[in-house]
Amino acid sequence: MNHQEPQLYPLLFKPVLKDYIWGGRNLETHLGRTLPPHKDIAESWEIAAHEHGDVQVQNGVYAGLTLSQLHKKLELDLIGRRAQWAQDRNKFPLLVKLLDANRRLSVQVHPNDDYALANEGNELGKTEMWVILHAEEDAAVILGLKEGATPENFAVAIEDGGLETYLHNIPVQTGDFICVPSGSLHAILGGVLITEIQQNSDVTYRVYDWNRTGQDGKPRPLHVEQALDVINFEQITPQLPQPQLVEQADGVERWELCRNRYFVVERLRLDPGAAVSGACSGATMEIWGAIEGAARLAAGENAVTLTAVQFSLLPAALGSFSVSCDGAVTLLRTYLPD
């Protein structure tokens, strides 16, 4: 880092809101967010540096800069050496959202990096994961396919309206999580509030949109040819993953939820008065979010308080930090793997 740059610190951001047709008001009713009046909000982009949504720093000396501007200024000091694959494409590596799936989303799939690079300009592919913050009774998601699905009969089913025969539904409840690699056919069905952690991409290929119309009164476009190119037809009846215990000591439980080549997501539960410490030593940035309770995130003389549901980005060159709480708290920690 340039010695003239200010000291790094935990960063907070002003989210970018998206009012897609499947949204609602649950970010307000369940999370206490202030939303624009008379609008159904589908997504809140919490940490994002994309042409379709670029959050603004809220705190400290970098307040007012967009995350894209800050990334351009700090480069690997912000995102870390492990994100060289993203830096080579001038990309911030990850995107964190809140989703209010008040109504069901389209049946869709995301490409991998190779397909996106060949067909979508400078976009990344999209591997993602979801943590269910709230689920209504009988809530479910679609993930993968049922036995017997092939590219040939799936394409026919799209044409003749029999697609649901091949869709694999998974019931979900509050606290569940789902890992969604690129190529996974999926849909979030109505009645769930979700935190989504993903590659920094906005490429979605819709296969089926429940015969509904968009905000302009016309059917939303489908991308059947591209979807058939990238769907993983070997993903048959996947089940919910189980968390892997990493650490349990001194009032702290740490579980690994998802690990892939792009990110690792952990869930931590801290008892009242417990604390954890860590260090960002240049290899990777870290993203911490409180999803239940409140936590204090401190680095040197700089500290922020995270309340549910709120996220902070720790720059890769930040140095030592600590996370503490007065009451019990549940946190998500995201970082880039080796």
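Residue numbers here run from 1 along each chain, matching the order of that chain's written sequence. Residues qualify for local features only when their pLDDT is at least 70, as the model is predicted, and side-chain atom pairs are given and counted only at 80 or more; totals for whole chains, interfaces and linings, by contrast, use all residues. As a rule here, side-chain values come from all non-hydrogen atoms in the structure, and water together with hydrogens is ignored.

**With respect to the overall build of the chain**
Logical step 1: Counting from the N terminus, the helices are DSSP H or I runs at least four residues long and the strands are E runs at least two residues long. Summing up its helical and strand segments, the chain has seven helices and 25 strands in all.
Logical step 2: Here's how the labels work: a residue is buried when its accessible area is under 20% of the maximum for its type, exposed when over 50%, partly exposed in between, all with a 1.4 Å probe on protein chains only. Per-residue burial over the chain gives 55% buried out of 338 residues.
Logical step 3: For the chain, contacts bridging at least 24 residues in sequence account for 74% of all contacts bridging at least 6.
Logical step 4: Per element, the accessible surface of the chain, about 14800 Å² overall, is 45% carbon and sulfur.
Logical step 5: Only four residue types enter the tally: Lys and Arg on the positive side, Asp and Glu on the negative side, with His and both chain ends excluded. By convention, charge coordinates are those of NZ in Lys, CZ in Arg, CG in Asp, or CD in Glu. Between the averaged position of the 27 positive side-chain charges in the chain and that of its 44 negative side-chain charges there is a distance of 5 Å. The criterion used for residue contact is that any of the two residues' heavy atoms lie within 4.5 Å. The accessible surface values rely on the Shrake-Rupley method and a 1.4 Å probe; as for residues, cover is taken only from the protein chains in view.

**Quick word on the pattern of salt bridges**
Logical step 1: Basic side-chain nitrogens of Lys or Arg form a salt bridge, by our definition, when they fall within 4 Å of a carboxyl oxygen of Asp or Glu. According to the stated counting rule, one finds 17 salt bridges in the structure shown.
Logical step 2: Glu266 is the salt-bridge partner of Arg333, the closest N and O atoms lying 3.1 Å from each other. Pair noted here: Arg333 is in strand β25 (residues 329-335) and Glu266 is in strand β18 (residues 264-270), with a separation of 67 residues, a long-range link. Grouping residues by exposure puts Arg333 and Glu266 together as buried.
Logical step 3: Via salt bridges that share partners, Glu43, Lys97, Lys126, Glu128 and Glu196 belong to a single interconnected network.

**Notes on the state of the cysteines**
Logical step 1: Pairs of cysteine sulfur atoms within 2.5 Å are what we label disulfides. Throughout the structure, instances matching the rule amount to one disulfide.
Logical step 2: The disulfide partner of Cys179 is Cys258, and the gap between their sulfur atoms is 1.7 Å. Linking Cys179 and Cys258, the disulfide has an S-S dihedral of approximately -95° and is accordingly described as left-handed. Linking Cys179 in strand β12 (residues 177-180) with Cys258 in strand β17 (residues 252-259), this pair joins segments that are 79 residues apart in sequence.

**Some thoughts on the pairing of strand β7 (residues 94-101)**
Logical step 1: Of all the eight residues making up β7, eight are buried; the element is thus mostly covered by neighbouring parts of the structure.
Logical step 2: A two-sided burial pattern is seen for β7, the buried positions comprising Leu94, Val96, Leu98 and Asp100 on one face and Leu95, Lys97, Leu99 and Ala101 on the other.
Logical step 3: Bridge count between strand β3 (residues 43-47) and β7: four bridges; the pairing is antiparallel. Residue pairing across strands places Glu43 opposite Leu99, the latter belonging to β7.
Logical step 4: When DSSP finds two or more bridges between two strands, those strands count as paired. Bridge analysis of β7 against strand β14 (residues 192-199) gives eight bridges, and the strand direction is antiparallel. What sits directly across from Leu99, in β14, is Ile194.

**Let's talk about the packing of aromatic side chains**
Logical step 1: Centres within 6.5 Å make a pair out of two Phe, Tyr or Trp rings, where for Trp the six-membered ring is used; the pair is then stacked when the planes are under 30 degrees apart, edge-to-face when over 60, and tilted otherwise. Tallied over the entire structure, the rule returns seven aromatic pairs.
Logical step 2: Ring centres of Trp85 and Tyr262 lie 5.3 Å apart, and the angle between their planes is 70°; this geometry places the pair in the edge-to-face category. Placement of the pair is Trp85 in helix α4 (residues 84-87) and Tyr262 in the loop between β17 and β18, with a sequence separation of 177 residues.
Logical step 3: Judged by its relative accessible area of 7%, Tyr262 falls in the buried class.
Logical step 4: We call a charge positioned over a ring when the NZ of a Lys or the CZ of an Arg lies within 6 Å of the ring centre and within 35 degrees of the ring normal. The ring of Trp45 has Lys18 lying over it, and the distance from NZ or CZ to the ring centre is 4.7 Å.
Logical step 5: In this arrangement the basic side chain of Arg104 is found over the ring face of Trp210, its NZ or CZ atom lying 4.0 Å from the centre.

**Focus: helix α6 (residues 151-160)**
Logical step 1: Three or more residues of α6 are buried, namely Phe154, Ala157 and Ile158. Taken down its axis, α6 places every buried residue within 105° of arc, on the same side. Of the exposed residues in α6, the ones pointing more than 90 degrees away from its buried face are Glu152, Glu159 and Asp160.
Logical step 2: Those residues of α6 that are buried are in contact with β10 (140-145), β11 (167-171), β15 (205-208) and α7 (224-230).
Logical step 3: Gly161 lies just past α6 and shows a positive phi near 80°. What the arc covers is the set of directions going from the helix axis to the C-beta atoms.

**Looking at the environment of Trp288**
Logical step 1: Residue position: Trp288 is located in strand β20 (residues 286-292).
Logical step 2: For the pair Trp288 and Leu189, spaced 99 residues apart in sequence, the C-alpha to C-alpha distance is 27 Å.
Logical step 3: N or O atoms within 3.5 Å of each other form a polar contact, as long as, within protein, one can give a hydrogen and the other can take it, and as long as residues adjacent in sequence are counted only when both atoms are side-chain atoms. Reaching out from Trp288, the side chain makes a polar contact with the side chain of Glu286 at a distance of 2.9 Å.

**Digging into the environment of Arg333**
Logical step 1: With a relative accessible area of 16%, Arg333 lands in the buried category.
Logical step 2: When residues no more than four places from it in sequence are discounted, the contact partners of Arg333 are Arg254, Val264, Val265, Glu266, Leu268, Glu286, Ile287 and Trp288.
Logical step 3: A polar contact is formed between the side chain of Arg333 and the side chain of Glu286, at a distance of 2.9 Å.

**Details of the sheet that holds strand β9 (residues 128-135)**
Logical step 1: Strand order in this open sheet of six strands is β2-β3-β7-β14-β9-β12, and the pairing throughout is antiparallel. Each end of this open sheet is capped by a strand with a single partner; those strands are β2 (16-18) and β12. The average angle at which neighbouring strand axes cross in this sheet is 20°, direction not considered. Every axis in this analysis is a line fitted to C-alpha atoms, fitted for helices over the stretch in contact. Angles between the N-to-C directions lie between 0 and 180 degrees.

**Considerations on helix α2 (residues 67-74)**
Logical step 1: The set of residues buried in α2 consists of Leu67, Leu70, His71 and Leu74. Seen end-on, α2 carries its buried residues on one side only, within an arc spanning 100°.
Logical step 2: Glu75 occupies a position one or two residues after α2 and carries a positive phi of about 50°.

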